[in-house]
Amino acid sequence: MANDSFRSLQLSKAQLDALDSLGYESMTAIQAQSLPEILKGNDLIAQAKTGSGKTAAFGIGLLQKLNPRFFGAQALVLCPTRELAEQVGKEIRKLARFMPNIKLVMLCGGKPIGPQIGSLEHGAHIVVGTPGRVQDHLRKNTLKLDGLTTLVLDEADRMLDMGFADAMQAIIGQTPKNRQTLLFSATYPDTIQHMSRQIQRNPVTVTVEAEH
Ligand code: ADP
Ligand code: MG
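Remember, it's a predicted structure, so these values are computed and weren't measured experimentally.

## Comments concerning the sheet that holds strand β3 (residues 104-107)
Spatially, β3-β4-β2-β5-β6-β1-β7 is the arrangement adopted by the seven strands of the open sheet, whose pairing is parallel. Edge positions in the sheet fall to β3 and β7 (204-208), since each has one partner strand and no second. Averaged over all pairs of adjacent strands, the angle between their axes in this sheet comes to 15 degrees, without regard to strand direction. Bridge count for strand β2 (residues 75-78) against strand β5 (residues 150-153) is four bridges, and the pairing is parallel. When the sheet's bridge partners are listed, valine 77 is paired in β5 with valine 152. Contacts from helix α6 (residues 131-140) reach β2, β3 and β4 (126-129), with the element oriented near 105 degrees to β3.

Right, dumping it as structure tokens:
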């Protein structure tokens with residue numbers, strides 16, 4: 001078996017079936033480097049340019065860990081903009097298409113908060129959103145992160161550039177210390193290294209320079 005085959009990993013049948021239905025035949029470079037570490041439970045810093053398949057890397061990782069019987073937020077993905085969050089939510093829903101009991105809620109700014117509160121009341125395993133709105137829900141107590149097992153910071157460099165550092169810190173402060181933290185970034189400036197030291201434990205770093 002080629003070592004870039006998804007079948008070289010211990011993935012559920014539902015996950016492999018979803019990958020087949022999406023036509024994902026082999027892992028991209030960033031997936032092949034990061035998924036084994038993610039599935040082991042390690043913290044990770046992954047640097048790769050746009051279009052390299054980072055969403056599926058963390059999406060598969062978080063889906064494999066979910067407990068469908070616990071209807072609280074187990075995975076939180078923070079994205080810099082509503083558009084990016086919506087793309088991520090869509091991709092994770094596709095990856096979860098054969099996991100009918102898994103619920104994902106989008107919490108983005110620029111959208112009415114009422115329906116989001118309603119969705120959260122029904123229970124959500126996965127939350128995808130932008131830092132400002134996620135923080136609003138934490139302040140209102142409509143979102144609780146004490147059962148979180150996976151935190152993903154997607155496009156972390158852009159979130160810092162957009163001034164979300166304080167919101168991110170406030171959110172992370174409400175998550176359990178033993179969570180897995182996955183940090184994805186197109187660039188790796190000092191600010192990212194500094195944040196990683198504050199929020200990650202022995203992170204594995206993977207870098208893919210060119211596209212797969
Ligand atoms: P990034 O976040 O690195 O910019 P995305 O996660 O948005 O990249 O993925 C880019 C595109 O590649 C998406 O259209 C996605 O469906 C596709 N893709 C991801 N993984 C694979 C794969 N293993 N095989 C084929 N296509 C893939
Ligand atoms: Mg992306």
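## A short note on unusual backbone geometry
Trans peptide bonds make up the majority, and among non-glycine residues the majority have a negative phi. One non-glycine residue with positive phi stands out, namely glutamate 155, at about 50 degrees. Here glutamate 155 shows up in the loop between β5 and α7 (156-161). For glutamate 155, a count of 22 C-beta atoms within 10 Å gives the class buried. The phi angle at asparagine 202 is positive, at roughly 40 degrees, despite the residue not being glycine. You can see asparagine 202 is positioned in the loop between α9 (190-199) and β7.

## Quick notes on helix α8 (residues 165-172)
What α8 keeps buried is the set Ala167, Met168 and Ile171. Considered in projection along α8, the buried side chains sweep an arc of 100 degrees and stay on one side of the axis. Packing partners of the buried residues in α8 comprise β2, α6 and α7.

Rules used throughout
- Residues numbered from 1 in each chain as written.
- Chains lettered and ligands numbered in written order.
- Predicted model: local features only at pLDDT ≥ 70, side-chain atom pairs only at ≥ 80, totals over all residues.
- Pairing = 2+ DSSP bridges.
- Helix = DSSP H or I, 4+ residues; strand = E, 2+ residues; numbered from the N terminus.
- Axes fitted to C-alpha atoms, helices over the stretch in contact; angles between N-to-C directions.
- Contact = placed C-beta atoms within 7 Å.
- Buried ≥ 20, exposed ≤ 12 C-beta atoms within 10 Å, placed from the backbone.
- Arc of directions from axis to C-beta.

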